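Architecture and fold: a report
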Amino acid sequence: MDVTTCLKSLLLAIQQYRDNRSAQNAAQLQRQVEEVSSQRCDKLLSSGQMLPSQCVRGLVELAGNPNTSPALTGTVITLLAQLACEDASREVLHRSYNLTSTLASIIHWHSATPGEPVVLQCLQVLQKLTYNARVFHSTNYIHELIEFLMMNIQSHNDDIIMPCLGLLANLCRYNHSVQSHIKSLDNVKPFYRTLINFMAHNSLTVVVFALSILASLTLNDKVGEKLFDAKNIHQTFQLIFNIIVNGDGSLTRKYSVDLLVDLLKSPKIADYLTGYEHFSACVSQVLGLLHGKDSDSASKVLELLLALCGVSGLRSMLCDIVFRPTGPKLRADGRRQGLGQQPGLNLVQWLSSPVEGAESCSLQTLQLLNVLLEEALGGDTVSGSVLGFVEMLLPVVLELLKGLGSAQGDAQLRKHCLRITHVTNLLLHILNIEDQTRVLVSRQVSAQLCLSQVESLLACCHGNNPLICPLGSDSDLSQVCAEAVLKALELMSKLRQQVKDMETDFYRMLQDQRIVTPFSLALTSHHRERVQSGLALLFEATPLPDFPSVILGESIAANNAYRHQELELSVKRVAVEEVPPTRTNISLSDSSSSSSKTINNLIEKIQNGLELQDNVEDLRVSEIIEVYEQKLSALESKESHLQDLLEAKALALSQADRLIAQYRNQRAQAEAEARKLGCLLKEAERRREELQVELGAKVLEVERSKADMRELLQHNGRLQQDSQEHHALRGDYNTLLSRFNESERLLKELQMSHINLTKQNDSLRKNHEALRLQHDKTLSVLEERESKIESLQSDLQERDNDISGLRGELNAAEERGKEKDRERRKLEEAVDALRLELNKTEQARKDASIRASSLELQKGQVEGKLKQKEEELNKHSAMIAMIHTLSGGEAKNDLSL
């Protein structure tokens, strides 16, 4: 079964139960409520549909009826608690359905039994509804609710103390009427003492709730000066930071952050925090929470950091903490690896968070970085750590700008525009640092990227004209879109000289007629920065030939007229009468009629061709068509502006209807208060009659007193006779009285001493009992220890026997070691002798090698001489052979002989 079918069945069951409060209809209605509770009801109330609104209104009416059964009331409150889990639905429940007064009335009816589940359910739902929401002092049953909360906070029921403290902390925060009412009560001083006693509670959530209530009630009076003076404030800071870092959960962390933010609004406490010596360490621990935490905790941490940035003395300290490296990291071999991680890197991880889910963290991170970088880059010199952080941040920011696409829906569109505004702000801060970062930005930002962003923003801004929503609110979608457009154009203006085609696209966008809406919103804004940005861009746009200055003037006049009309509506607070057309509207209608006549004439001339034939050389058809297109676009823009004015009139009528509904609601509340005052008047009349009866009794008693007085006068004469005796006895009486006083004083002292001795005796008896129990425990422990000692002694005896055997073996081993030592010494002596012989042999070998080398030399010389002798012999043989040939046979014979 889908949600719509369940809601229709629920509405039918509500009507049947309202007509006939039978048990069967009650059971049917309870089943339908449980069926709706099992469905997915996200964004059910914030969608603005009629069916869920009727169902919730009927359920609230049934829950507020004292005749409804407690079981059905509990089921209805369970469904309302499920709807209150979403922020938008919680705001609708608090603002439109008067659920706070209904739940307060249920608590008032069951105030005698505060432990019932329905009371705890109501307290939990009220705590969700009233968080960061204003509860008016004139709300029905609000006084009874405050009385119930204060009474149960001072009770000893731990189950109800925590929700009561949380709800009262919500009611007191930013609500001076509730604070004044509580301060005017008679039991406020015991209530203060109870809250101060909660400072020592073991639950950190209770401590935060109590401290929040004390801060709201006593921050600006004498009690607050004592609680938050210079002696105690540093301990309070340490306590709050410890709870933020080591809290029991996201609820405790949320309330502790809110407490510190509220304390920072006091200039004296902000000055104390500036001089807090552990501030850097505490903020570093808080920054560490951004790593690995859920989006809710990270959002509260970022909210705290933004609040700290709001204090001028803390902003520079935060810059030092965020942009300061944590120190060098060491490798495993002991060498330095480089600079450590900056605490600001925990902020960077939330920049790329998705638009749905953790979008608030992303926007808060961008806002925080804008503030910190503006502070860090505003000085004459910029530190190296800041430059390093900027170089690391720049690619992330540029990727974030490139990743922003078209948005769907007003809520997502608003977040999209806020993101673009913060991203362009960051880029503008980075562009003002040095040339290196400007070059990096100009390389990665293209003209097409900026142009596409401006085009999409202009389409959104032109589709959400400011006349549809109140101009003064910062939540206006048109204001947000206009600011994003101006920031994007300012970025294009900064980069027009460095990026290709950026200057052309920049001047082309300044001449677009859709730029009129952002310019008019900026120039009529009450924010100084928006006006300055609009004027700076307007000075560059006015010299351009096609800049729509006339349309801009008309838009500014229309905005001013609408602002004046809204001011009158807010002052009068009555039904808005129809406002006659202003001069601006008349001028718009005149100009539109004249333009339409001119365009019709041009159309006739183009169709007939009369003037085109006469002045062909002077006027071309393309120029006529261009003039026609310009006039048509101007007419369309003026027509859309008139449509916006009509929608503004419709909005004014809807506001009038809403004011009438509010007046009727206030009238109903006034009638309820009148009935209450009538009851009080009847009670006062009844009390007056009772007092009149008592007055008659007192008159009779006065008459009887007069008769007694006369008798006393007669008796006075007799007393005068006794006065003389009285004077005689007075002296004795005074002495006895002094002795009696002295005895009484001694008796009191003895009684006090007796009481003290009795208390001491009781304490000594208790100590004696405790010591006797401790003595018995000690005796049992000693007996166990003695048994253990005996077992250890037997083990020790066995160990001694083993040690004696091991000692004998050790002695034998020592003897063998001594013999080995003697053998080793003998071997060392033999080795020494062998070394001497080896040295001698080595010396002999060296001498022999020297003699061998000398013999080799002599051998070479002898071989040379032998060769010379052989050569001489060959010569002689040759001479002999020659002689033999010359001398013939005789010589031959002689030679042979």
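Values in this document were obtained by computation on a predicted structure and should not be read as measured data. (Residues numbered from 1 in each chain as written. Predicted model: local features only at pLDDT ≥ 70, side-chain atom pairs only at ≥ 80, totals over all residues. Heavy atoms only, no water.)

Next up on the list: the confidence of the model for the chain. For the chain, the mean per-residue pLDDT works out to 80, and 85% of the residues sit at or above 70. Contacts of residues 464–475 to residues separated by more than four positions or lying in other chains number 40 contacts, the stretch itself having pLDDT below 50. The low-confidence segment residues 890–897, where pLDDT is below 50, has four contacts with residues more than four positions distant or belonging to other chains. (pLDDT = per-residue confidence, 0-100. Contact = heavy atoms within 4.5 Å.)

The subject of this paragraph is helix α28 (residues 516–523). Owing to its 3.6 residues per turn, the α-helix brings residues three or four apart onto one side. Counting buried positions over the eight residues of α28 gives seven, a clear majority of the element. Among all positions in α28, only Val-516, Thr-517, Pro-518, Phe-519, Ser-520, Leu-521 and Ala-522 are buried. (Buried < 20%, exposed > 50% of the residue type's maximum accessible area, 1.4 Å probe, protein only. Helix = DSSP H or I, 4+ residues; strand = E, 2+ residues; numbered from the N terminus.)

Think of two packed helices as two axes; the pair is described by the angle between the axes and how far apart they sit. Packing of helix α14 (residues 233–246) against helix α15 (residues 250–264) leaves a shortest axis separation of 8 Å and a crossing angle of 145°. Crossing handedness for the pair α14 and α15: left-handed. The residues of α15 that touch α14, namely those facing Phe-237, Ile-240, Phe-241, Ile-243, Ile-244 and Val-245, are Thr-252, Arg-253, Ser-256, Val-257, Leu-259, Leu-260 and Leu-263. (Axes fitted to C-alpha atoms, helices over the stretch in contact; angles between N-to-C directions. Left-handed = near helix turned anticlockwise from the far one by under 90°.)

Here Thr-218 lies in helix α12 (residues 204–218). Not counting residues within four places of it along the chain, the set of residues in contact with Thr-218 comprises Tyr-192, Val-223, Gly-224, Glu-225, Leu-227 and Phe-228.

Here Gln-16 shows up in helix α1 (residues 3–19). Since its relative accessible area comes to 35%, Gln-16 is described here as partly exposed. Once the C-alpha coordinates of Gln-16 and Ala-26 are considered, the two residues, 10 residues apart in sequence, prove to be 9.0 Å apart.

The next point concerns the nonpolar core. Generally speaking, soluble globular proteins have nonpolar side chains that are buried together. One finds Leu-273, Leu-305, Leu-308, Phe-323, Leu-347, Leu-489 and Phe-519 to be the most contacted residues of the largest nonpolar core, which totals 110 residues. Here the element with the most residues in this core is helix α26 (residues 477–495); it accounts for 11 residues. Beyond its immediate chain neighbours, meaning those up to four positions away, Leu-273 contacts Phe-237, Phe-241, Leu-264, Phe-279, Leu-308 and Leu-314. Of all hydrophobic cores here, the second largest spans 78 residues; its members include Leu-123, Phe-148, Ile-161 and Cys-164. (Core = buried A, V, L, I, M, F, W, Y, C linked by side-chain atoms within 4.5 Å.)

Our focus in this paragraph is unusual backbone geometry. Trans is the prevailing form of peptide bonds, just as negative phi is the prevailing case for residues other than glycine. With a phi close to 65°, Tyr-141 is a non-glycine residue in the positive phi region. Its location among the elements puts Tyr-141 in the loop between α7 (117–129) and α8 (142–153). Backbone geometry places Asp-501, a non-glycine residue, at a positive phi of 65°. Take Asp-501: it is sitting in the loop between α26 and α27 (502–510).

We describe a pair of aromatic rings using the distance from one ring centre to the other and the angle between the two ring planes. Following the criterion strictly, the structure yields six aromatic pairs and no others. Grouped by ring-pair contacts, the aromatic residues Tyr-131, Phe-209 and Tyr-255 constitute a single cluster. (Phe/Tyr/Trp six-rings, centres within 6.5 Å; stacked < 30°, edge-to-face > 60°.)

On the surface, Glu-783, Glu-784, Glu-786 and Glu-790 cluster together into a patch of negative charge. Looking at the secondary structure, you find Glu-783 in helix α33 (residues 621–896). Overall, Glu-783 belongs to the exposed group, its relative accessible area being 55%. (Patch = residues over 30% accessible without salt bridge, like charges linked within 9 Å, V, L, I, M, F, W, Y side chains within 5 Å. Areas by Shrake-Rupley, 256 points an atom, 1.4 Å probe, with all protein chains shown as cover. Salt bridge = Lys/Arg side-chain N within 4 Å of Asp/Glu carboxyl O. Lys, Arg positive; Asp, Glu negative; His and termini not counted. Charge placed at Lys NZ, Arg CZ, Asp CG, Glu CD.)

Taken together, the side chains of Lys-818, Arg-822, Arg-825 and Lys-826 present a region of like positive charge at the surface. Residue position: Arg-822 is located in helix α33.

So, on to the packing of α26 against helix α29 (residues 528–541). Where α26 contacts α29, the axes come no closer than 10 Å and their chain directions differ by 50°. Looking at the two axes, α26 sits oblique to α29. Seen from above, α26 lies across α29 with left-handed handedness. The segment α26 lies against α29, with Gln-479, Glu-483, Leu-486, Lys-487, Leu-489, Glu-490 and Ser-493 engaging Arg-530, Ser-533, Gly-534, Leu-537 and Glu-540. Of the residues belonging to the contact of α26 with α29, the class tally is three nonpolar, four polar and five charged. (Parallel < 35°, antiparallel > 145°, perpendicular 65-115°, else oblique. Nonpolar A, V, L, I, M, F, W, Y, C, P; charged D, E, K, R; others polar.)

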